[in-house]
Each structure stands twice: as C-alpha cells, then as structure tokens.
Protein chains: 2
Amino acid sequence: MPTDPDHTFKAGKTSGATLDDVAQEAGVSPATVSRCLNNPGIVRPQLKAKVDAAIEKLDYVPHGAARSLASRRSRLIGAIFPSLDSTLFGGTLEALQCEIASAGYTLVVASSSYEPQQECNHLRNMLASGIDALMLVGAAREASVYRLIGQRHVPYVLTWVAGPDGTHPCIGFDNRAAAAAVTRHLLDMGHRRFAMISGGTATNDRAAARLAGVRAALEEHGLTLDPARTMERPFGVEEGRAALRQLMAREPRPTAVVCGADPFAYGALLECQSLGLKVPDEVSVTGFDDMWLSASLPPGLTTVRTPRKQMGALAGRYLLSILAGKETAPPSPLDFELIVRGSTGPPSR
Amino acid sequence: MPTDPDHTFKAGKTSGATLDDVAQEAGVSPATVSRCLNNPGIVRPQLKAKVDAAIEKLDYVPHGAARSLASRRSRLIGAIFPSLDSTLFGGTLEALQCEIASAGYTLVVASSSYEPQQECNHLRNMLASGIDALMLVGAAREASVYRLIGQRHVPYVLTWVAGPDGTHPCIGFDNRAAAAAVTRHLLDMGHRRFAMISGGTATNDRAAARLAGVRAALEEHGLTLDPARTMERPFGVEEGRAALRQLMAREPRPTAVVCGADPFAYGALLECQSLGLKVPDEVSVTGFDDMWLSASLPPGLTTVRTPRKQMGALAGRYLLSILAGKETAPPSPLDFELIVRGSTGPPSR
DNA sequence: CAGTCTTCTGAAAGCGCTTTCAAATAGCGA
DNA sequence: TCGCTATTTGAAAGCGCTTTCAGAAGACTG
C-alpha cells in the first residue's frame, strides 16, 4: 500500500537532491559536502554535523555515475562464472559479494555458460561498465582476453585454480594434486582397475587438471586410464548415472570410479543402488567438491572438500587490498581436504 | 604470457581512447560518434563505416560512468536474492542475467542472507550505484523499502510470489496454491495424519504461504496441522533428516510428511532409508521445487515443479520492456506443476 | 534551376561529482 | 597582541559522454 498505485515508469523524472542542494541547505560549499562523504576526517566536526543533517533532511543519495566519472573509480567489481545455476559457484559468489559489500563495493556478475566467447563478451560489457576489478574462474582462456584486461589496468584474480606459474594472481587450489590425492587413496586400498567420469575438458581447465591428476597418480603405479573407461560428460546427476551404467556394462568392470565432480558421483551411487551393486564392496566411487549431499547420501561419498567460500572471500579481500593501493603479495594456493566416507573401500577381487 | 609481468596496480593511469579521440580519428564530430553508438540508424552508412573503423583502430570502449551521467541511465539492473548459495535462486539468477545481457544491460547482484536489514542496505547501495531497475524475491518487506524504491522511480518486480493483490508487479506463482495442491494429492490418496517440515516463516513469505497452503487444504477436510508436527527449520538436508527423525519418534506417526523445500525432503527420504521406513508404504514424503536430485533419488520425489528459470527470464523481459518505455501490462501468475513420483502412495493403515 | 522539405551533422551546454589550488581561518609562540 | 605555520574551506575546472538546437547538405517538386 505504500507504493505508487500504478507502476508506470516515468523516465527522465528528476531523481532526488544533488550534492549542490545539500551544500546549499547546509550553508557550505559543494566541496565540503564531497569531503564529508569521502574523507570525513578532514572536515571540522561542527561543519560535518550540519552537512549530515542536510543529507538526512533531503534524503540525499550520491549519484554513482557522477562519482565514478569524477573520481575515476566505479566501486563496481565484476565476476564471471562458468555457471550460476549450481551450488558449486554459489558459495564463491556469495562469499565474494559479502566481502566486497562490506567495503562499499557492488558486485556485477555474469555467467559464461562455459563458453569462452560469452565470457569475452561479458568481459567487454563489464569493462565498459567501468568495473574497478575482476574475478574470473580458471586460467585457460585466449591471450586476447588477458590482453584486454591488462590494457585497461583492471586488477584481476583467477579462482578455482592455483597458478601453475606466476603468470596470473590465483586464489584457488591445485586441482591436479587434489585429483591425484583421491586416486592415491584408492590405489593405497589396492585398486588397480580405474574408470573416470570427467567434466568437459575442452573449455574447463579445472576438469582437465583433475583428469590429469588421476592419470598422473595412476602412472606412479605404472597404470594408465583406459580411454574407453574415461567418460567426458556435461555435469549432472543423470549423466553420472548413465556413465556408470556404461562403465559397468563392460568386462572387466572397474573396481574404482573416480568422478570429476560430486553430481556425477551422486548419479553413480544411485545407479549402483539401482543395479544392485554394493558400494564399496563391488565398486568404490569418489566425488569432487564435497557438495551438500555428499555426507548424507548413503554410504557417504568419499570426496575432496574444496574451499569454495574461502576462495570467494579471499578473492574479494585480495582485490580490495589492491584497490586500496596496498602492496599485496600474490596469493598462494589454498588447501583442499580429502574426505573419506563410506563409498570407498578395498576392492573385493 | 601476454600480461603485465608484475601485477601491481597503477591507479589513475589513463585508460584507453575517448569518444573525442575516435571523432578526431574518424574526422567527424563527437556527436556523430555518439550517435553511431546509440542510434546507428540515423547516421549515414558511409560515415558510420569511418567511425567504426576508428573505434576498431583505437580499440575504443565507451566510458560507462560518463554515459550514465549524460544519459541518466546506467544500464545496470539490480537483483537481491535471499541467498546465492543454492540452486534454487541460481536458475532464476542465471536466466535473468542472460535475458538482460542480450539487451546490453549488466546485472548487479547481492545476497540478503534472508535478513531484511541486509536487503535494505544492499538496496541503498544499489540505488546509489544508479541501477535502472530492480528485481527482488518475495513481497513481504517493510513499507519504507518500497517507499525508497518508489521515491527514486526505479521500476521493479517481485519474483517467486504471485501478487496477492495488484500492489506490486510480480513474476511468480502462487506458493499457497501449490502447497495446497500437493496436500490435496495426499488427501486424495487417503492420508489423514500430516506433518510438515517448513522453512523459517518469519522472514520468508514464500515459506509462510506454503505452510498456509497446507493448512488450507487440510481444513477443507476438517483437518488441522498439529503444531507439534510442524517443524520450522533452516533449509538443508541434515535439518530435514533430523526433523523427520523427530516426527517419527512420536506416536501416532504421520503417514504423510509435506516438506516446504526439496532439501528437507531429500533429508527425510534418506532418514527413512536409515530408519528402515518404507516410502511410500509406511510414510509418504513430498518436496517443493523439483530440484536436481528429485527425479533421481529413490523412490523419486513427488514435488512441485516451480518455474525457476522462467521467473528470471520473464522478470528480465518485464523490466526491459518498462525501461524501453513500452506500455507493459502487470504480469499474471505463472503455473506450477505437481510432479508425482514414487515417494507418495496411499497410506497403509 | 530555384525553392522547399527532409535528413544528417556539428557546436555547445551540461549531467553531478571530485579534486586541485589558492584563500581563509585557526592555532600558537613570542 | 602580532606574525607565522598548520589546518580547513571554497572556487573552479574538468571527468567523458549525450542531446538539444541550429545549420548544412541532399532530395524532390514545379
């Protein structure tokens, strides 16, 4: 009931008081009002009080665009995720937003749908919007994209990966090492016949690194991953289900199925249940990311816990620190954690 | 390798070419360049070609803040969700972003963590950033918030609810009716002893409406929801598990457990499995939202499919249409769909 | 070919704020 | 009390773009 009865939009209608109005109301110069807003410390308390009163009275809200134009800082930070429709990046997104909001920054977000071209388009849009800093997921992208960023002098950070070299500032963990760790866990239990359900490696360097990690760990034992037992699929429970069914249809069956993401593993677990395969007795299954059902889905999914929220928070803090002009050390890789649950055990034969 | 070798940030460094530079390069006036950008139709093709070439050559990117200031439109659309760390709103968010991006708008996003105060703060920030339009979730909030929006003449739309009256433009479905529909499905099968696991109703009008819907359907049969069998919990699988255990600990056991959200139902289903309770023979379970595991988790969850992506897309389209100055009819409620799966059946006793 | 009507283009005035620079005030010792 | 420095304040010049308004260039017509 407190709103405009009709929802028609009157474009161009003047919006609120300006800084000049506030200055007049308070009987000071616009410059002083500006200082009250941006650097309250340097204005005499008595004056500041008058200005505050005027702001309050006129219900003044600063005009962002005008501020940006004059100060050359937009207070906008951009983030491009491969997908927004997943809990995976949700945690990172939420933590990032929370972190930067506390410093007065606003988050601009977009989803690339795992398509490099879309990422590039969104990036251009964001640069045009004048973002002060940028968060991206993964490291693999065309050189031209990095060139674009570098050209505009926009500080940026890559997440979900650990910098392979020092080329880019990264806030993430070593996907390859993490995948190797789960694999070794299985190897240590005696598994020798492996299969993998992996995300698409073409435009997803995290998925590629995980696949590489599995291969590397196997090689340490002189084993290789049979290409026929390496299924590359779009992320999803049903995809995991179907992949597991295929894997199990072929003799000799693998005793361990390593999944590049938890949803695959959920599907695998559920399909095992359907097929009457005992986990972990007949087959061990591992996931990746420790998403919200991993602890609950029987028999409990052995997986890698990845620092989703932490990456968002730290990425935010890192960018803010650079924007504040502080000397900021390039961040070092974060830890992952192997979570062993009921879905893995020694092979029976 | 094509990037600045050191990641130090040089603030104040001049960024790229300006519109004036482009004008000079193309040998036309700045006004013409501006027109090429904003209204290419009205400039002679021959000139436009020259301008395009100049833009290309100088790698010109328009300065968003300057545009906003001069045109009084920021090309920014804001969205505040109760949470970003969930697939629930992820779909809506992604669809919204996709929709508005295609019209050249950029999405600004924030999470209120289900706290009204946070929502209000983020709203103020966004208004200061100059957003042209706004998307919110749910209708229940302080009158002052709506007043704030109305004052700035920012077009807005509420999602995940259907306007109870015509007070606000809403793009959503009738939560109450949807909950009533699942409940009637159970009633029709002969269930008479009900329990409910509900989200917090204090700051979540969707949860409140769902609870009300269940109550209303029961009342049609002269039944009431026992307060001792109405558990209000924060969303989550483990919460659902615990709630179900409590519900089943008390005789007489309910034959139907209605969950206000799918994660609760997942937990309930898993706990039934743990307890050795046969679903649906000993207890029927229903969810809400048809999230990604509902079809896969045995025995398949009977739930309500809610138009998550559609809401985002339509909300975007609605706002864009208003921003384009078109006469836009206030949207009408969307459909939900009852999805019957294996988790519901007639009560055994 | 002149006259009239369109269609395009350019000059210039801001949009609302920040920030330099110089002027004013306050603070302080002598 | 006066002079000098340290601190605040105000005037004014933009930030880079859009947009009005008027003028130039074409397109037609008679």
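1. Here's the deal with the relation of the copies chain A and chain B
Logical step 1: Rotating chain A by 180° and translating it 0.1 Å along the rotation axis places it on chain B, where the RMSD comes to 0.2 Å. Taken together, the rotation and translation relating the two chain copies correspond to the operation of a two-fold axis.
Logical step 2: In this assembly, 97% of the residues forming the interface of chain A have copies in chain B that are likewise at the interface, indicating an isologous arrangement.

2. With respect to the domain arrangement of chain A
Residues and elements named next belong to chain A.
Logical step 1: Domain annotation of chain A identifies domain 1 (18–60), domain 2 (76–173 + 308–334) and domain 3 (175–306).
Logical step 2: Inter-centroid distance (C-alpha atoms) of domain 2 to domain 3 is 29 Å.
Logical step 3: Listed by partner, the interface residues are 14 residues for domain 2 and 13 residues for domain 3.
Logical step 4: Of the roughly 1,100 Å² buried at the junction of domain 2 and domain 3 (both faces included), carbon and sulfur atoms supply 54%.
Logical step 5: Of all residues in domain 2, Tyr114, Phe173 and Arg308 give up the largest surface area on contact with domain 3, accounting jointly for 51% of the area buried on that side.
Logical step 6: Taken together, the connections running from domain 2 to domain 3 amount to 0 salt bridges.
Logical step 7: Where domain 2 touches domain 3, the interface holds 7 residue pairs in polar contact (both at pLDDT 80 or more).
Logical step 8: Ranked by residues supplied to the side of domain 2 that touches domain 3, first place goes to helix H5 (residues 87–101) with 3 residues.
Logical step 9: Its residues placed into classes, the side of domain 2 that touches domain 3 shows 11 nonpolar, 2 polar and 1 charged.

3. Some thoughts on the side chain of Ser111 of chain B
Logical step 1: Secondary-structure assignment places Ser111 of chain B in strand E2 (residues 106–111).
Logical step 2: Of the residues examined, Ser111 of chain B reaches a relative accessible area of 2% and is grouped as buried.
Logical step 3: Not counting the four nearest positions on each side in its chain, Ser111 of chain B is found in contact with Glu94 and Gln97 of chain A together with Phe81, Pro82, Ser83, Leu84, Gln118 and His122 of chain B.

4. Observations concerning the protein's contact with DNA strand D
Logical step 1: Every one of the 25 residues lining DNA strand D counts as a neighbour, but Thr32 and Arg35 of chain A together with Leu19, Ser34 and Tyr60 of chain B are closest to it.
Logical step 2: For DNA strand D, the fraction of atoms within 4 Å of the protein that belong to sugar or phosphate moieties is 67%.
Logical step 3: Between DNA strand D and the protein, one listed contact pairs a base nitrogen with a side-chain N or O atom of Arg35 of chain A at 2.6 Å.
Logical step 4: Residue Ala66 of chain B places a main-chain N or O atom 3.4 Å away from a base nitrogen belonging to DNA strand D.
Logical step 5: Of all the secondary structure elements, the ones that give two or more residues to the surface near DNA strand D are helix H2 (30–38) and helix H4 (64–71) of chain A together with helix H2 (30–38) and helix H4 (64–71) of chain B.

5. Topic: the protein's contact with DNA strand C
Logical step 1: Around DNA strand C sit 25 residues in total, of which Leu19, Ser34 and Tyr60 of chain A together with Thr32 and Arg35 of chain B are the nearest.
Logical step 2: Restricting attention to atoms of DNA strand C within 4 Å of the protein, one finds that 66% of them are sugar or phosphate atoms.
Logical step 3: The contact in question runs from a phosphate oxygen of DNA strand C to an N or O atom on the side chain of Tyr60 of chain A, over 2.3 Å.
Logical step 4: With respect to DNA strand C, the backbone of His63 of chain A contributes an N or O atom lying 3.3 Å from a phosphate oxygen.
Logical step 5: Secondary-structure elements contributing two or more residues to the surface near DNA strand C are H2 and H4 of chain A together with H2 and H4 of chain B.
Logical step 6: Among the residues forming the surface near DNA strand C, the class breakdown is 13 nonpolar, 7 polar and 5 charged.

6. Some words on the interface of chain A and chain B
Frequently, the measure chosen for interface size is the accessible area removed from exposure when the parts meet.
Logical step 1: Residue-level contacts link 72 residues of chain A with 70 residues of chain B.
Logical step 2: Interface area, chain A with chain B, both sides summed: about 6,300 Å², of which 59% is carbon and sulfur.
Logical step 3: There are 2 salt bridges connecting chain A and chain B.
Logical step 4: For the interface between chain A and chain B, the tally reads 28 residue pairs in polar contact (both at pLDDT 80 or more).
Logical step 5: For the side of chain A that touches chain B, the secondary structure elements donating two or more residues are H4, H5, strand E2 (106–111), helix H6 (116–129), helix H7 (143–152), helix H10 (237–248), helix H11 (262–275) and helix H12 (308–323) of chain A.
Logical step 6: For the side of chain A that touches chain B, the leading source of residues is H5 of chain A, giving 7 residues.
Logical step 7: Looking at side-chain class alone, the side of chain A that touches chain B contains 36 nonpolar, 26 polar and 10 charged residues.

7. Remarks on the packing of aromatic side chains
Logical step 1: Applying the stated rule across the entire model yields 15 aromatic pairs over all chains.
Logical step 2: Judged by centre distance (5.9 Å) and plane angle (25°), the rings of Trp292 of chain A and Tyr266 of chain B are stacked. Of this pair, Trp292 of chain A sits in the loop between strand E9 (284–286) and strand E10 (303–305) while Tyr266 of chain B sits in helix H11 (residues 262–275), on two different chains.
Logical step 3: You can call Tyr266 of chain B buried: its relative accessible area is 1%.
Logical step 4: Aromatic side chains Tyr114 of chain B and Phe235 of chain B sit 6.1 Å apart centroid to centroid with 50° between the ring planes, which places their arrangement in the tilted category. Of the two residues, Tyr114 of chain B sits in the loop between E2 and helix H6 (116–129) while Phe235 of chain B sits in the loop between strand E7 (230–233) and helix H10 (237–248), which places them 121 residues apart along the sequence.
Logical step 5: The class of Phe235 of chain B is partly exposed, set by a relative accessible area of 34%.

8. Quick look at the environment of Gly41 of chain A
Residue and element names in this part refer to chain A.
Logical step 1: In this structure, Gly41 sits in the loop between H2 and helix H3 (45–58).
Logical step 2: By relative accessible area, Gly41 is classed as exposed at 70%.
Logical step 3: Distance from Gly41 to Leu19, taken between C-alpha atoms, is 19 Å for residues 22 residues apart in sequence.

9. A closer look at the sheet that holds strand E4 (residues 156–159) of chain B
Logical step 1: Sheet architecture is open: 10 strands sit in the order E5(A)-E4(A)-E3(A)-E1(A)-E2(A)-E2(B)-E1(B)-E3(B)-E4(B)-E5(B), paired in mixed fashion. Of all strands in the sheet, those bounded by a partner on one side alone are strand E5 (170–171) of chain A together with strand E5 (170–171) of chain B.
Logical step 2: As paired elements, strand E1 (residues 76–81) of chain B and E2 of chain B share 6 bridges and run parallel to each other. Following the sheet pairing, Leu76 of chain B is matched in E2 of chain B by Thr106 of chain B.
Logical step 3: Against the sheet, H6 of chain B makes contact with strand E1 (76–81) and E2 of chain A together with E1, E2 and strand E3 (133–137) of chain B, and its axis sits at roughly 175° relative to E1 of chain B, the strand it touches most.

10. Considering the sheet that holds strand E9 (residues 284–286) of chain B
All names here are of chain B.
Logical step 1: On the basis of which strands lie adjacent, the open sheet formed by 4 strands has the order E7-E6-E8-E9 and parallel pairing. A strand with exactly one partner marks an edge of an open sheet, and here the two such strands are E7 and E9. In this sheet, neighbouring strand axes are inclined to one another by 15° on average, regardless of whether the strands run parallel or antiparallel.
Logical step 2: Against the sheet, H11 makes contact with strand E6 (194–199), E7, strand E8 (256–259) and E9, and its axis sits at roughly 155° relative to E9, the strand it touches most.

11. Side note on helix H8 (residues 175–188) of chain B
Residues and elements named next belong to chain B.
Logical step 1: Under the 1.5 Å per step criterion, the end-to-end length of H8 is 20 Å for 14 residues, consistent within 8% with the ideal 20 Å.
Logical step 2: Of all 14 residues that make up H8, 10 are buried, and the element is covered over most of its length.
Logical step 3: Those residues of H8 lying buried are Asn175, Ala178, Ala179, Ala180, Ala181, Val182, Thr183, His185, Leu186 and Leu187.
Logical step 4: If you follow the buried residues of H8, they end up packed against E6, helix H9 (205–220), E8, E9, strand E10 (303–305) and strand E11 (337–339).
Logical step 5: The opening residue of H8 is Asp174, an N-cap whose side-chain oxygen sits 3.0 Å from the backbone nitrogen of Arg176.

12. Brief notes about the pattern of salt bridges
Logical step 1: For the structure on display, the rule yields 30 salt bridges over all chains.
Logical step 2: Put simply, Asp226 of chain B and Arg229 of chain B hold a salt bridge, and the shortest N to O gap is 2.7 Å.
Logical step 3: Exposure remark for Asp226 of chain B: the relative accessible area of 25% places this residue in the partly exposed category.
Logical step 4: Between Asp290 of chain B and Arg305 of chain B there is a salt bridge, and its shortest N-O distance comes to 2.7 Å. Taken together, the positions of Asp290 of chain B in the loop between E9 and E10 and Arg305 of chain B in strand E10 put the pair 15 residues apart, joining distant regions of the chain.
Logical step 5: By sharing partners, the salt bridges in this structure join Asp290, Arg305, Glu337 and Arg341 of chain A into a single network.

Each value, and the rule that gives it
Residues numbered from 1 in each chain as written. Chains lettered and ligands numbered in written order. Predicted model: local features only at pLDDT ≥ 70, side-chain atom pairs only at ≥ 80, totals over all residues. Heavy atoms only, no water. Least-squares fit on C-alpha atoms with pLDDT ≥ 70 in both. Contact = heavy atoms within 4.5 Å. Domains from an automatic or database assignment. Buried area = accessible area lost by both parts, 1.4 Å probe. Salt bridge = Lys/Arg side-chain N within 4 Å of Asp/Glu carboxyl O. Polar contact = N/O pair within 3.5 Å; in protein donor to acceptor, adjacent residues only side chain to side chain. Helix = DSSP H or I, 4+ residues; strand = E, 2+ residues; numbered from the N terminus. Nonpolar A, V, L, I, M, F, W, Y, C, P; charged D, E, K, R; others polar. Buried < 20%, exposed > 50% of the residue type's maximum accessible area, 1.4 Å probe, protein only. Near = heavy atom within 4 Å. Phe/Tyr/Trp six-rings, centres within 6.5 Å; stacked < 30°, edge-to-face > 60°. Pairing = 2+ DSSP bridges. Axes fitted to C-alpha atoms, helices over the stretch in contact; angles between N-to-C directions. Expected span 1.5 Å × (residues − 1).

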